[in-house]
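Read off the chains here:
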Amino acid sequence: MNQQTAVTEPAKKTLPDAQTVTEVRHYTDRLFYFRTSRPQSLRFRSGEFVMIGLPGDNGKPIMRAYSIASPSWDDGLDFYSIKVQDGPLTSKLQHIQPGDEIILRPKPVGTLVLDALLPGKRLWFLATGTGIAPFASLMRDPDTYERYDEVIMMHTCREVAELEFGRQLVESLPEDPLIGEFVGNKLKYYPTTTRESSKWMGRVTDNLASGKVFADLGLEGTQMDPATDRAMVCGSLDFNKDVMAIMEGWGLNEGANSEPAQYVVEKAFVG
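Residues numbered from 1 in each chain as written. Predicted model: local features only at pLDDT ≥ 70, side-chain atom pairs only at ≥ 80, totals over all residues. Heavy atoms only, no water.

Our next topic: the pairing of strand β9 (residues 150-157). Most of β9 is tucked away, with eight of its eight residues classed as buried. Side chains Glu-150, Ile-152, Met-154 and Thr-156 of β9 all project onto a buried face; the interleaved residues Val-151, Met-153, His-155 and Cys-157 project onto the opposite face, where all are buried too. Sheet topology note: the strand β8 (residues 122-128)/β9 ladder contains seven bridges and is parallel. Residue pairing in the sheet places Arg-122 in a bridge with Glu-150 of β9. Strand direction decides the pairing type here: β9 and strand β10 (residues 187-193), joined by seven bridges, are parallel. Along β10, the bridge assignment pairs Met-154 with Tyr-190. (Buried < 20%, exposed > 50% of the residue type's maximum accessible area, 1.4 Å probe, protein only. Helix = DSSP H or I, 4+ residues; strand = E, 2+ residues; numbered from the N terminus. Pairing = 2+ DSSP bridges.)

So, in structure tokens, the structure goes:
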């Protein structure tokens with residue numbers, strides 16, 4: 001499933017903080033992408049998130065945190081979402097069409113930003129499911145490749161179809177007229193599945209702890225080096241904790257906007 005619709009003529013805005021949906025793609029019965037207009041006043045760092053939503057049945061806005069999946073230089077805003085049939089927001093959001101409006105509060109925040117990391121040589125993006133969204137932004141930011149010699153995108157989903165959003169993005173980058181020259185051969189993509197058979201199998205945590213990802217990608221060593229490796233993590237609470245434990249065991253410390261270190265974790269999307 002990969003249905004795509006688009007619109008070029010934005011409708012008149014009627015909601016507060018409204019932005020117009022310009023494109024929608026459905027990848028599976030659980031995952032979809034949508035693009036909206038961008039407020040002229042919105043400034044954000046690649047990797048940050050904003051609050052978006054729709055009016056509820058009672059007219060009050062239902063808002064949730066969503067990573068911006070487009071880079072800071074883009075004139076539109078990309079988002080990547082799950083579909084939850086009885087979810088307060090996504091039960092409605094999954095039915096949006098080009099020309100519809102969503103509510104977008106233009107106050108970006110987040111920890112998955114390059115400034116929250118100390119300088120290094122190799123940057124790891126570690127994600128499950130829709131956790132790839134902030135890295136879709138960072139993989140298209142020239143600053144990522146100017147700061148690091150090597151960038152590794154590890155992404156795990158249950159089935160191959162759930163990797164399609166990331167695969168299409170990564171494969172398009174080397175030929176992208178705006179970002180291709182920065183990406184060059186610096187970006188390495190490591191997609192894995194846990195249920196359906198694919199080229200690479202296994203969870204991010206297992207492939208890190210065992211050193212399998214290093215062997216599969218032809219990397220030196222079998223673990224991250226605190227002196228040169230930096231990492232960003234975005235997934236479920238359990239996933240975040242498990243990855244953090246592995247990296248802490250390797251001597252990496254968690255950083256923040258106020259105190260940069262070797263890795264950062266986005267905690268806004270977990271309960």
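Ranked by internal contacts, the top residues of the largest apolar core, which has 36 residues, are Phe-125, Phe-135, Met-139, Met-153, Leu-187 and Met-232. Only β3 (31-37), β8, α2 (133-138), β9, α4 (164-172), β10 and β11 (229-234) provide two or more residues apiece to this core. The residues that make up this core include at least three from each of domain 1 (18-109) and domain 2 (114-267). Discounting residues that sit within four places of it in the chain, Leu-187 has contacts with Met-139, Tyr-145, Val-151, Met-153, Val-170 and Leu-173. (Core = buried A, V, L, I, M, F, W, Y, C linked by side-chain atoms within 4.5 Å. Domains from an automatic or database assignment. Contact = heavy atoms within 4.5 Å.)

Before going further, it helps to examine the side chain of Glu-162. With respect to the secondary-structure elements, Glu-162 resides in the loop between β9 and α4. With relative accessibility at 5%, the residue Glu-162 sits in the buried group. Apart from residues no more than four positions distant in its own chain, Glu-162 is found in contact with Thr-28, Arg-30, Leu-31, Tyr-80, His-155 and Cys-157.

Next up on the list: the sheet that holds strand β12 (residues 263-265). Reading across the sheet, the five strands line up as β10-β9-β8-β11-β12 and stay open at both edges, with parallel pairing between neighbours. Of all strands in the sheet, those with a lone pairing partner are β10 and β12, marking the two edges. Each neighbouring strand pair of the sheet contributes to a mean axis angle of 10°, computed without reference to strand direction. Against the sheet, helix α8 (residues 237-249) touches β8, β11 and β12, its axis set at about 165° to β11. (Axes fitted to C-alpha atoms, helices over the stretch in contact; angles between N-to-C directions.)

Take it as geometry only, folks, not as evidence of what the structure does.
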